[in-house]
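Secondary and tertiary structure notes
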Amino acid sequence: MRPTISELRHWNTHRFTEAGVSAETGAATLDGAMDAVIRALDATSGWRGESRCAADLTVARERGHVNEIRNILNQIADQAEDAGADLTYARERVLRQVDAALAGGFVVTDLGGVAHADTSKEADAQKLEVAIIAALDSVCQLDDDHGSRLGALADDLAAMRYGHPDVRLLDGDTVNPDEVVAMLRGMTAVQRRELWSRMAVDDRRRVMHADPQTIGNLDGVDFDSRADANEINVRNALIEERQASRAAGPRAAVLEEFSHRSPDGTAERRFIAFDNTADGRFVEMVGGIGSGTRNATVYVPGTNSSMNRSAETYRVATDLAQRTGGPVFVYLDGDLPQKVGFEGLPDALGRGAVAGLLGIGSGLAESIDDSAVETGFARAMAPRLVGFGTALDAELAQYAPEAKTTFIGFSYGGSVVGSAEQLGLRADRVVYASSAGTGVFDGPWRNPNPDVERYSLTAPGDPIQYVQSVPGNPHGSDPDTAAGVVRLDTGFTGPDANGHRALLEGASSHGAYWHDPDSDAFRNVVRVITGDDPTPYVERAPDRPTDPYAEGLLHIVVEGGKQIITDGLGPLGDLIDGDIDLPGPIPDIPLRLPW
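Residue positions are counted from 1 within each chain, in the order its sequence is given. Reporting in this predicted model follows two pLDDT cut-offs: at least 70 for local features of residues, and 80 or more for side-chain atom pairs to be given and counted; totals over whole chains, interfaces and linings ignore these cut-offs and use all residues. Note that water and hydrogens are dropped before the side-chain values are worked out from all heavy atoms of the structure.

1. A short note on the side chain of Asn449
Operational definition: In this text, helices come from DSSP runs of H or I with a minimum length of four residues, and strands from runs of E with a minimum of two, each type numbered from the N-terminal end. For every residue, the accessible area (1.4 Å probe, protein chains only) is compared with the maximum for its type, and the residue is labelled buried under 20%, exposed over 50%, or partly exposed between those bounds. Distance and chemistry together define a polar contact, namely a pair of N or O atoms within 3.5 Å, with one atom able to donate a hydrogen and the other to accept it when in protein, and with adjacent residues in sequence counting only for side-chain atoms on both sides. Here, residues are in contact when the closest pair of their heavy atoms is within 4.5 Å.
As for its placement among the helices and strands, Asn449 is situated in the loop between strand S10 (429–433) and strand S11 (453–457). When its relative accessible area of 12% is taken as the criterion, Asn449 is described as buried. Polar side-chain contacts of Asn449 include one of 2.9 Å to the backbone nitrogen of Asp451. Asn449 has contacts with Arg426, Ala427 and Asp428, leaving out every residue within four places of it along the chain.

Right under this line is the structure:
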């Protein structure tokens, strides 16, 4: 029912926030109490026999029951926060319009009607009335929607008093939610989508409460359901951090951000995948999918990207979503390398050629281990990206069938995207942005879309240029010169305070354009996503500029099947005892030394 203006003035929408905090506190208290029971039982090592077996079975059963109640409470907390934010904004919008009309000499009735004593202002009064009533209708719709969701969750909570209720399958059989989760795990993504889409809304929610970790990460489950499940997963992860005495740690801070709304308060954070692993795995959707969606973008970031450093990728996705008018998915559903490799090598050599090279082999091996030099991260992430691409296609086919997909791989993320294309990733457009290569697997790209458009984006002097040009680069060939790839112009930065635009080049150019939406490079990426004609590359500086201090370049080269080090003047291998043993083919990677 639409509220009157006088009623709206007395609404205290901040009570929603208080209710959400109470539900969140209840979830944490319940979870902590169950953990205390389990610890107490584990401490009774001398207790054996039938009574102990019965106690173990009861606790195991109640652990699942408690988890489901906790999950419902956490979803209530999230829903209450959303209701409070949405209704506060909508209420204030109505009252601002009403107060502005009153200040202009108009009369506003309690139902939103507007009039003015001056008949010449009748048209203005009519416009104000239409706007105020539309705003009141928006409040009514939000109130109904949030009230319905909170009411359904309250019913779920009441139904959990004696255990979870069964759900009904398509053939009419009733089973418990855990059995449905097991069924979904064993299905293909297509089969899952068919079953899930035909289940009743209440049943889908109950299955989600039984195992949100599984539902939130299953391709084939619709994105809204996955996002709802991952709201619960994020809050559960935050409870775990707090109970482990890490409430002040970096991960807890990130989870706090994930569990609340965007920094401007206009939208909730939505995650299509989430797993609180060491580096953290997630897929965040910035923006939404609707009938008017014309493009969707998947952005795979590079080295050093992780959940704890997700603020940077979130800003990139937000800028892209705002400029393209479509959703952007930050894809971090896997582990990326957290270091470049060769760390400390220039400093070691700076101590002197002989002193630096003696014993450097072990240091190099250690620096390369788990670094961007290795291809294992791309090999592990690529199949998951293919699966997500299929899930995205299915989502778009249902809600926005005309939308085109663009996959962007930045730096090491380019190696992931290229590897996914080798495994059959379907995409309409692909951008290899400052990419390490075109893929780590043998063989060509196998994108099933015969009309796929491929682009590369690498500024002159970007250090990744040296990796791209390495013979035998384990990450694949140079995307700037690969067949069928259009190299995009990187051009100039956006104007500074004085209107000056600088050439995008050098070491900082590797990722600078992602933080400069007015740069030529960023705008070219936007053109690709929106289907406009991008600007092809214009050479303004050499890709790999000649170093005037050639003797200060360190090269790791392969000669006769062995890896040795040279300094640009001649082999330095004779200065140490034997060759330096490095893992994998890492030829000709130049590094500036402090000589």
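The rest of the description comes next.
2. Description of the packing of helix H15 (residues 376–399) against helix H16 (residues 412–422)
As a reminder, the rule being used: Fitted lines through C-alpha atoms give the axes, limited to the stretch in contact for helices. The angle between two N-to-C directions lies from 0 to 180 degrees. For classification, angles of less than 35 degrees are called roughly parallel, those exceeding 145 degrees roughly antiparallel, those between 65 and 115 degrees roughly perpendicular, and all remaining angles oblique. Note on convention: the crossing is left-handed when the near helix lies turned anticlockwise from the far helix by less than a right angle, right-handed when the turn is clockwise. In this count, Pro and Cys sit with the nonpolar residues alongside Ala, Val, Leu, Ile, Met, Phe, Trp and Tyr, while Asp, Glu, Lys and Arg are called charged and the others, Gly among them, polar.
One can describe the packing of H15 onto H16 by two numbers: an axis separation of 8 Å at closest approach and a directional angle of 55 degrees. Classified by the interaxial angle, the pair formed by H15 and H16 is oblique. H15 and H16 meet at a crossing whose hand is right-handed. Contacts between H15 and H16 involve Gly376, Phe377, Ala378, Met381, Ala382, Leu385 and Val386 on the former and, on the latter, Tyr412, Ser415, Val416, Val417, Ser419 and Ala420. Residue composition of the contact of H15 with H16, by class: 10 nonpolar, 3 polar and no charged.

3. Some words on helix H9 (residues 223–243)
Each turn of an α-helix holds 3.6 residues, which means side chains three or four residues apart point in the same direction. To keep it simple, the criterion reads: One less than the residue count of a helix, multiplied by 1.5 Å, gives the span that helix is expected to have.
For H9, which comprises 21 residues, the first-to-last C-alpha distance of 30 Å matches the rise-based estimate of 30 Å (1.5 Å per residue) to within 8%. Across the 21 residues that make up H9, a large majority, 16, are buried. Its side-chain oxygen 3.2 Å from the backbone nitrogen of Asp224, Asp222 forms the N-cap of H9. One or two positions beyond H9, positive phi appears at Ser245, with a value near 65 degrees.

4. Let's talk about the confidence of the model for the protein chain
Atomic detail in the predicted coordinates should be set aside for any region of low pLDDT. Rules: Each residue carries a pLDDT score, the predictor's own confidence in it, on a scale running from 0 to 100.
Put simply, the protein chain has an average pLDDT of 87, and 87% of its residues get 70 or more. Below a pLDDT of 50 lies the segment residues 348–360, which in the model reaches 20 contacts outside its immediate sequence neighbourhood of four places, other chains included. In the predicted structure, residues 547–595 sits below a pLDDT of 50 and forms 107 contacts with residues beyond four places in sequence or in another chain.

5. Side note on helix H10 (residues 250–259)
Going by this rule: Directions are taken from the helix axis to each C-beta atom, and the arc is the one they span.
All of the buried residues in H10 are Arg251, Ala252, Val254, Leu255, Phe258 and Ser259. All buried residues of H10 project into a common sector of 160 degrees when viewed along the axis, lining one side. Here the buried face of H10 lies against helix H3 (50–103), H9, strand S5 (270–275), strand S6 (281–286) and helix H11 (310–324).

6. Brief notes about the sheet that holds S11
Note the cut-off: Following DSSP output, two strands are said to pair if at least two bridges run between them.
Strand order in this open sheet of 8 strands is S5-S6-S8-S7-S9-S10-S11-S12, and the pairing throughout is mixed. Two strands lie at the open edges of the sheet, namely S5 and strand S12 (485–487), each paired on one side alone. Pairwise comparison of adjacent strand axes, ignoring direction, gives a mean angle of 15 degrees for this sheet. Each of S5 and strand S8 (328–332) touches H9; the most contacted strand, S5, lies at about 55 degrees to it. Sitting on the sheet, H11 is in contact with S6, strand S7 (295–300), S8 and strand S9 (404–410), with an inclination near 30 degrees to S6.

7. A few points about the environment of Asp369
The topology assignment puts Asp369 in the loop between helix H14 (360–368) and H15. In sequence terms Asp369 and Lys339 are 30 residues apart; their C-alpha atoms lie 9.3 Å from each other. Those residues in contact with Asp369, other than ones at most four positions away along the chain, are Lys339 and Glu374.

8. Details of the nonpolar core
How we decide: Definition used in this section: a nonpolar core is a set of buried Ala, Val, Leu, Ile, Met, Phe, Trp, Tyr and Cys residues joined via side-chain atoms within 4.5 Å.
Counting residues in each nonpolar core, the largest one holds 77 residues, and the members touching the most others are Val298, Leu320, Phe329, Leu385, Ile408 and Trp514. Among the elements that line this core, the one with the most residues is H15, at 10 residues. Beyond its immediate sequence surroundings of up to four residues, Leu320 is in contact with Val328, Ile408, Trp514, Phe522, Val525, Val526 and Ile529.

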